[in-house]
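Examination of the molecular architecture
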Amino acid sequence: MKTSQVHYRNCNICEAMCGLEIHHADGEVIAIKGDKQDPFSRGHLCPKAIALQDYHQDPERLQTPLKKVDGTWQAISWEEAFDEVVSKFQKIQAQYGPNSLASYIGNPNAHNLGSATFLPPFLRALGTINRYSSASADQLPHHVAANFMLGAGMLIPVPDIDHTDFMLIVGGNPLVSNGSMMTAPDIKKRLLAIQDRGGKIVVIDPRKTETAKLADQHFFINPESDALLLLAMINVLFSEEKISLGHLSELITDIEALQSAVEYFSPEGVANRVGIEASAIRQLAIEMAEAPSAVCYSRMGASTQSFGGLCQWLTNAFNILTGNFDSRGGAMFPLPAFDLLAGKKGKKNSYNRYQSRVRGLPYFNGEFPVATLADEINTQGEGQIKALITIAGNPVLSSPGGNRLNEAFAKLEFMVSVDIYLNETTRHADIILPAATGLEIEQYDVFFNAFAVRNTAKYSPALFEAKGQQKKDWEILKELTLRLTGTVDNGASPEVILEKMLSFSAYKESQVNVQKLKENPHGLDLGPLQPCLKRRLMTDDGLIKLAPEFYINDLPRLTSFFDNEKEASREFPFRLISRRLVRSHNTWTQNSWRLVKGKNPCTVQINEDDAASLTIKSGQLVKVISRNGEITLPAELTPDMGKGVISIPQGWGHGKSDTKMTIAAKQPGISINDITDPQRIDELTGNAAFNGTRVKIIPA
Ligand SMILES: Nc1nc2c(c(=O)[nH]1)N[C@H]1C(S)=C(S)[C@@H](COP(=O)(O)OP(=O)(O)OC[C@H]3O[C@@H](n4cnc5c(=O)[nH]c(N)nc54)[C@H](O)[C@@H]3O)O[C@H]1N2
Ligand SMILES: Nc1nc2c(c(=O)[nH]1)N[C@H]1C(S)=C(S)[C@@H](COP(=O)(O)OP(=O)(O)OC[C@H]3O[C@@H](n4cnc5c(=O)[nH]c(N)nc54)[C@H](O)[C@@H]3O)O[C@H]1N2
Ligand code: SF4
Ligand SMILES: [Mo]
């Protein structure tokens with residue numbers, strides 16, 4: 001008989017940081033439950049957490065370093081792998097220049113203490129400005145707004161969901177995503193609690209989502225028109241004299257500039273383009289201004305679109321103008337124990353320090369937009385990318401125009417991937433370095449504590465050793481860094497760095513340190529969010545920038561975009577948006593049978609009336625065609641889609657013959673990003689504009 005033991009840790013798949021209670025024996029999981037004693041998640045977990053055991057046991061996980069020799073994979077030693085990677089990088093950089101080497105950093109790095117602490121020195125050691133990541137296919141506009149308004153890209157406000165009286169959700173579906181840029185485990189209970197205390201939830205989304213169905217009110221919106229909506233709502237605040245800056249009034253001196261910028265955007269003027277009646281826009285703004293507390297929260301829908309920059313600026317501006325910034329029930333600032341802003345005061349704004357070589361796109365926060373990665377590989381000339389390292393990323397499926405990257409990666413002289421699977425991206429590598437993951441690594445959530453709706457801290461040591469020769473991401477990054485820089489090991493580890501960062505913490509008086517965290521495996525509760533912006537603000541003059549010229553100057557682009565809509569709709573009458581699914585996470589969780597079994601979820605959802613006009617029946621295969629490509633998949637008719645808009649899941653498209661995720665391949669998913677368009681970006685921030693891609697549909 002096995003005697004089972006219990007291990008407590010945070011799930012690190014998504015941003016919610018749920019506490020898990022893992023029963024295990026002899027290196028195997030017996031059961032995974034929600035940790036009821038976790039002060040933040042209170043026992044909540046979702047189906048994805050149960051699959052953590054599958055990734056630990058999956059025989060298709062990469063077990064040893066692999067080298068491609070004449071098109072077939074050979075197991076090699078770590079020593080040989082490190083040697084070859086470093087010597088090839090050095091050779092290519094010597095031949096073509098430092099920027100001929102590029103890096104792509106994917107989403108799981110943000111959920112990994114080892115990566116968070118060892119990536120920065122590694123990226124510096126690569127000595128190239130050609131860096132890319134999934135951030136520019138996601139939340140880049142949030143960072144840019146924080147940078148221009150508050151002086152630091154990481155100073156991002158989160159909705160004080162546990163105390164608000166009115167939550168406006170623009171382009172987020174937390175009931176499925178479990179919250180994003182808003183770490184709030186057990187999100188459904190937190191949303192229901194708003195209603196239980198007499199508050200209200202309103203959702204703005206081109207699809208009647210799971211969250212919209214729970215809300216008190218839902219408005220369909222025309223994709224990419226959110227900036228117009230927010231401008232009109234701010235216009236109402238001025239015209240109805242509903243401005244109240246509250247305790248921040250002395251920090252704001254540019255309110256007139258904002259007032260004149262929004263003057264042109266009346267609810268009546270934008271209603272047609274937005275698809276929401278002027279009276280409803282007016283009422284929404286007034287209701288929020290009059291609520292005891294309210295918060296406008298906007299996410300992927302308002303970020304991965306042509307005006308993501310404007311949307312995130314205007315979201316902050318609306319919260320500031322209604323007195324709901326840095327105040328209870330509004331948009332507030334976490335005070336994490338591991339504070340990424342510690343010591344950052346006085347750091348220069350890096351926006352547009354460089355422009356990308358081919359398309360001139362802005363550099364920000366140490367990287368270029370991923371929407372132009374294929375251009376930089378394909379276009380000859382000085383500075384052309386010849387070699388690439390991907391770390392925990394799958395851009396062939398996740399980036400706009402992934403099909404273009406699929407072709408481009410094949411042309412590289414040398415490619416390395418640090419990953420757990422042989423997949424659509426890593427199959428292009430010459431060397432793959434296998435990483436430990438999930439239950440096999442130590443974890444403290446560096447990033448998502450910085451976006452959490454409550455201050456907490458938790459450290460979880462690794463539970464298991466990986467089954468093969470995998471190394472932890474940080475061990476791989478550290479070894480490569482030492483070899484690239486020719487330095488000697490100083491004994492740094494994630495735990496050592498965590499301890500150092502905690503020593504700068506706002507909680508050092510209460511002795512939040514690694515030892516104490518180890519003694520408290522359910523996590524430490526550090527209390528609800530408190531007003532703290534005055535001491536966190538990082539602008540040079542200590543003021544909040546409500547109306548940066550950077551944004552005001554982008555407004556003409558917004559108006560002319562909608563002037564040209566009619567023309568654009570002639571060839572491509574539909575607009576495409578993406579959909580997240582409860583039982584998958586981006587591109588990499590599909591090799592868990594328990595998550596993918598059942599009906600194929602990879603359908604194109606279309607409004608019933610739209611389908612009828614095209615004589616498309618439920619389940620029928622249809623071709624969806626954009627300027628960038630075409631895909632074929634089954635139609636799913638639903639009243640939940642707004643007219644003229646279709647939705648396809650993101651993160652699918654496995655099953656290429658030379659990959660090895662055979663469980664994932666059993667679900668015949670297709671990749672939405674074979675038809676999204678890398679030319680479509682938010683020109684201001686460089687973020688990918690997935691939403692609103694113009695398409696046509698024909699029965700296949
Ligand atoms: N189950 C699951 N959870 C996840 C993930 C996953 O893949 N699966 N991924 C994780 C990641 S990496 C992230 S970043 C978060 C994202 O978290 P969310 O932002 O909550 O995720 P989405 O479901 O993409 O929500 C975007 C919403 O915007 C809507 N939308 C599309 N276009 C527009 C538009 O133009 N305007 C408006 N107003 N709305 C629009 C879509 O219909 C959708 O409902 O989720 C995380 N959580
Ligand atoms: N059309 C459309 N496209 C989208 C989105 C959308 O809504 N619509 N969402 C975007 C968003 S929000 C995001 S965040 C990006 C995600 O884009 P990516 O980060 O490129 O995609 P992931 O699926 O997260 O890729 C994770 C990769 O890391 C590997 N991996 C998993 N765990 C580990 C680990 O512990 N260590 C290592 N080394 N590797 C690991 C997986 O095998 C996989 O190859 O996609 C974006 N793409
Ligand atoms: S909601 Fe996110 S953090 Fe919580 S169990 Fe699910 S995947 Fe893990
Ligand atoms: Mo994301």
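Predicted model only: the values in this text are computed from it and were never measured. (Residues numbered from 1 in each chain as written. Chains lettered and ligands numbered in written order. Predicted model: local features only at pLDDT ≥ 70, side-chain atom pairs only at ≥ 80, totals over all residues. Heavy atoms only, no water.)

**A closer look at the overall build of the protein**
Selection rule: Counting from the N terminus, the helices are DSSP H or I runs at least four residues long and the strands are E runs at least two residues long. Atoms considered for the radius of gyration are the C-alpha atoms alone. The globule rule reads 2.2 Å times the number of residues to the power 0.38. Type-normalised accessible area, obtained with a 1.4 Å probe on protein chains alone, sets the label of each residue: buried when under 20%, exposed when over 50%, and partly exposed for intermediate values. We call two residues contacting when some pair of their heavy atoms lies within 4.5 Å. Here the Shrake-Rupley method, with its probe set to 1.4 Å, supplies the accessible areas, and only the displayed protein chains count as covering residues.
Each helix and strand counted, the protein has 27 helices and 24 strands in total. A compact globule built from 700 residues would reach a C-alpha radius of gyration of about 27 Å, and the protein, at 24 Å, matches this within 12%. The principal-axis extent of the C-alpha atoms belonging to the protein is close to 70 × 65 × 55 Å. Going through the 700 residues of the protein one by one, you find that 64% of them count as buried. Within the protein, contacts between residues at least 6 apart in sequence are counted, and of these 75% link residues at least 24 apart. Of the roughly 25600 Å² of accessible surface on the protein, a fraction of 49% belongs to carbon and sulfur atoms.

**Topic: the sheet that holds strand S11 (residues 217-219)**
Note the threshold: Two strands pair under a simple rule: DSSP has to find at least two bridges between them. Every angle, taken between N-to-C directions, lies between 0 and 180 degrees, and every axis is a line fitted to C-alpha atoms, over only the stretch in contact when it is a helix.
On the basis of which strands lie adjacent, the open sheet formed by 4 strands has the order S11-S10-S9-S12 and parallel pairing. One side of each edge strand has no neighbouring strand; the edge strands of this open sheet are S11 and strand S12 (295-298). Each strand of the sheet is rotated relative to its neighbour by a mean of 15°, with strand direction disregarded.

**Observations concerning the site of ligand 2**
Note the threshold: Nearness is judged by heavy atoms alone; a residue qualifies as near a molecule or strand once a single heavy atom is within 4 Å of it. Within 3.5 Å is the distance limit for a polar contact, defined as a pair of N or O atoms, with the added protein rule that one can donate a hydrogen and the other accept it, and that residues adjacent in sequence qualify only through two side-chain atoms. Polar here means any residue outside two lists: the nonpolar Ala, Val, Leu, Ile, Met, Phe, Trp, Tyr, Cys and Pro, and the charged Asp, Glu, Lys and Arg; Gly therefore counts as polar. What fixes the domain bounds is an automatic or database domain assignment.
Near ligand 2 lie 31 residues; those nearest to it are Asn107, Ser398, Asp419, Thr437 and Thr587. The contact in question runs from an oxygen atom of ligand 2 to an N or O atom on the side chain of asparagine 423, over 2.8 Å. In this structure, glutamine 650 approaches ligand 2 through a side-chain N or O atom, which is 3.4 Å from a nitrogen atom. When the free accessible area of ligand 2 is taken as 920 Å², the share hidden by the protein chains comes to 97%. Of the residues that constitute the shell around ligand 2, the class distribution is 14 nonpolar, 13 polar and 4 charged. Each of domain 2 (66-138 + 353-528) and domain 4 (563-699) accounts for three or more of the residues forming the shell around ligand 2.

**Here we look at the packing of helix H9 (residues 226-239) against helix H10 (residues 255-262)**
The packing of two helices is summarised by the inter-axis angle and the distance between the axes. Here is the rule we go by: Crossings are assigned a handedness: left-handed for a near helix turned anticlockwise from the far helix by less than a right angle, right-handed for a clockwise turn.
Following both chains from N to C, one finds H9 and H10 inclined at 115°, their axes separated by 9 Å at the closest point. Crossing of H9 over H10 shows left-handed handedness. Note on element contacts: H10 touches H9 through Ile255, Leu258, Gln259 and Val262, opposite Leu231, Ile234, Asn235 and Phe238. Taken together, the residues of the contact of H9 with H10 break down into 6 nonpolar, 2 polar and no charged.

**Quick word on the domain arrangement of the protein**
Here is the rule we go by: Buried area: the accessible surface (1.4 Å probe) lost by two parts on joining, summed over both. Counted as salt bridges are all cases of a side-chain nitrogen of Lys or Arg within 4 Å of a carboxyl oxygen of Asp or Glu.
When its domains are assigned, the protein resolves into domain 1 (5-57), domain 2 (66-138 + 353-528), domain 3 (157-332 + 540-552) and domain 4 (563-699). Measuring from the centre of the C-alpha atoms in domain 2 to the corresponding centre in domain 4 gives 28 Å. Regarding the contact of domain 2 and domain 4, the summed buried area is about 2400 Å², with carbon and sulfur atoms giving 52% of it. Of all residues in domain 2, the largest losses of buried area upon contact with domain 4 belong to Leu397, Tyr421 and Arg427, amounting jointly to 24% of the total for that side. Between domain 2 and domain 4 we count 1 salt bridge in total. The residue arginine 427 makes a salt bridge to aspartate 658 at a minimum N-O spacing of 2.9 Å. For the side of domain 2 that touches domain 4, the secondary structure elements donating two or more residues are helix H16 (395-398) and helix H17 (402-409). Classifying every residue of the side of domain 2 that touches domain 4 by side-chain character gives 13 nonpolar, 10 polar and 6 charged.

**With respect to the pattern of salt bridges**
Evaluation of the coordinates by the stated rule reveals 41 salt bridges. Two residues, lysine 467 and glutamate 28, come together in a salt bridge whose shortest N-O distance is 2.8 Å. Separated by 439 residues along the polypeptide, lysine 467 in the loop between strand S17 (454-457) and helix H18 (473-485) and glutamate 28 in strand S3 (residues 28-34) bring together distant segments of the chain. Residue lysine 467 is classed as partly exposed on the basis of its relative accessible area of 45%. Note that arginine 594 is salt-bridged to aspartate 54, the shortest N-O span being 2.8 Å. One end of the pair, arginine 594, is in helix H25 (residues 593-596); the other, aspartate 54, is in helix H2 (residues 52-57), with 540 residues separating them in the sequence. By relative accessible area, which is 14% here, aspartate 54 ends up buried. Through salt bridges with shared partners, a single ionic network connects Glu224, Glu565, Arg575, Arg680 and Arg694.

**Brief notes about the site of ligand 3**
In the region of ligand 3, the neighbouring residues are Cys11, Ile13, Cys14, Ala16, Met17, Cys18, Leu45, Cys46, Lys48, Ala49 and Asn178. Of the residues contributing to the shell around ligand 3, the split by class is 9 nonpolar, 1 polar and 1 charged.

**Details of a positive patch on the surface**
Heads up, the rule is: Think of a patch as exposed residues, more than 30% relative accessible area, with no salt bridge, where like charges cluster within 9 Å and nonpolar side chains (Val, Leu, Ile, Met, Phe, Trp, Tyr) cluster within 5 Å. In this tally Asp and Glu are treated as negative and Lys and Arg as positive; neither His nor the chain ends contributes. Taken as the charge location is NZ of Lys, CZ of Arg, CG of Asp or CD of Glu.
On the surface, a cluster of positive charge is made up of Arg124, Lys344, Lys347, Lys348 and Arg353. Secondary-structure assignment places lysine 347 in the loop between strand S13 (331-332) and helix H15 (373-378).

**Comments concerning the environment of threonine 426**
Within the element layout of this structure, threonine 426 appears in the loop between strand S15 (414-419) and strand S16 (431-434). Owing to a relative accessible area of 0%, threonine 426 belongs among the buried residues under this scheme. It is 35 Å that separates the C-alpha atoms of threonine 426 and lysine 344, two residues lying 82 residues apart in sequence. Excluding anything up to four places from it in sequence, threonine 426 contacts Trp73, Ser417, Asp419, Tyr421 and Ile432.

**Some remarks on the UniProt feature "domain: 4Fe-4S Mo/W bis-MGD-type" (unreviewed entry) in the protein**
For clarity, the threshold we go by: UniProt positions are given in the numbering used here, feature names are shortened, and annotations may be inferred rather than shown by experiment.
Those places that UniProt annotates as "domain: 4Fe-4S Mo/W bis-MGD-type" (unreviewed entry) correspond, in this numbering, to residues 4-60. Taken end to end, residues 4-60 comprises 18% helix and 35% strand; its first and last C-alpha atoms sit 27 Å apart.

**Some remarks on unusual backbone geometry**
One non-glycine residue, asparagine 365, adopts positive backbone phi at about 55°. One can find asparagine 365 in the loop between S13 and H15. Look at asparagine 365 and you get exposed, because its relative accessible area is 52%. In the Ramachandran plot, glutamine 511 falls in the positive-phi region, its phi being about 55° despite a non-glycine side chain.

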